[in-house]
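Chain by chain, the residues:
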Amino acid sequence: MPKRAVAVMAVTVSIILLILFFSQDSIFGFLTPAAPPDFGISASPSSLSLLGLAGSSVSTTVTVRSIRGFSSEVSLNVTPSTGFFGITFTFNPDRVTPPADGQAESTLTITVDAGVPSKVYFIDVTGRSDEPSRRHTVRIQVIVE
């Protein structure tokens, strides 16, 4: 085989190998950057009921789950819709730090004062860190008998 034909074959094979190698970017990770660490937030139970008597309360467990090694502090708060006079929200603790690929929990206690009307309320439980902010909606039914 002439030297020129061997050289053309070698270049052709090299190009084919490079194409195959770089087309596997999701396998080798060279062309696709890795997704950054993140977290998820949930509440269990997500639907609560309580009597509308002064001092009545109910609790839910808020879980902050690490995704892809996330391990930063997350501050927790509640963003209620309008009409929440007489309802208080307390986290214990109000900041959690999940271990990398693990989870951390907080207890959210919801307390009503006298005179809160029977109604279904929705709140957003929000977790904030340096960059991401995540939320989970919780349903609260106040029953006055």
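As a reminder, the structure under discussion sits directly above these lines.
The model shown is predicted, which means the values in this text are computed figures rather than measured ones.

**Looking at the overall build of the chain**
From N to C terminus, the chain includes two helices and nine strands. Ordering the α and β elements of the chain from the N terminus gives α-α-β-β-β-β-β-β-β-β-β. With 145 residues in all, the chain has 30% of them scored as buried. Restricting to contacts in the chain with at least 6 residues of sequence separation, those with at least 24 account for 64%. About 9000 Å² of surface is accessible on the chain, with carbon and sulfur atoms providing 58% of the total.

**Some remarks on the sheet that holds strand S1 (residues 38–44)**
If you trace the four strands from one edge of the open sheet to the other, you get S1-S3-S7-S5, paired in antiparallel fashion. Two strands close off the open sheet at either side, each with one partner strand: S1 and strand S5 (87–92). Averaged over all adjacent pairs, the angle separating strand axes in this sheet is 25°, with direction ignored. Where strand S3 (residues 57–67) lies against strand S7 (residues 103–112), nine bridges are found, and the strand directions are antiparallel. Its bridge partner lying in S7, arginine 65 is registered against glutamine 103.

**Describing the environment of arginine 135**
Take arginine 135: it is sitting in strand S9 (residues 133–143). Residues within four places of arginine 135 in sequence aside, it is in contact with Ile41, Asp124, Val125 and Thr126. Among the polar contacts listed, one links the side chain of arginine 135 to the side chain of aspartate 124, at a separation of 2.9 Å.

**A look at the sheet that holds strand S8 (residues 119–128)**
If you trace the five strands from one edge of the open sheet to the other, you get S2-S9-S8-S4-S6, paired in mixed fashion. Two strands bound the open sheet, and with one partner strand each, they are strand S2 (47–51) and strand S6 (95–96). Sheet analysis places S2 next to S9, joined by five bridges and oriented parallel. Bridge pairing links leucine 50 to valine 142 in S9.

Parameters at a glance
Residues numbered from 1 in each chain as written. Predicted model: local features only at pLDDT ≥ 70, side-chain atom pairs only at ≥ 80, totals over all residues. Heavy atoms only, no water. Helix = DSSP H or I, 4+ residues; strand = E, 2+ residues; numbered from the N terminus. Buried < 20%, exposed > 50% of the residue type's maximum accessible area, 1.4 Å probe, protein only. Contact = heavy atoms within 4.5 Å. Areas by Shrake-Rupley, 256 points an atom, 1.4 Å probe, with all protein chains shown as cover. Pairing = 2+ DSSP bridges. Axes fitted to C-alpha atoms, helices over the stretch in contact; angles between N-to-C directions. Polar contact = N/O pair within 3.5 Å; in protein donor to acceptor, adjacent residues only side chain to side chain.

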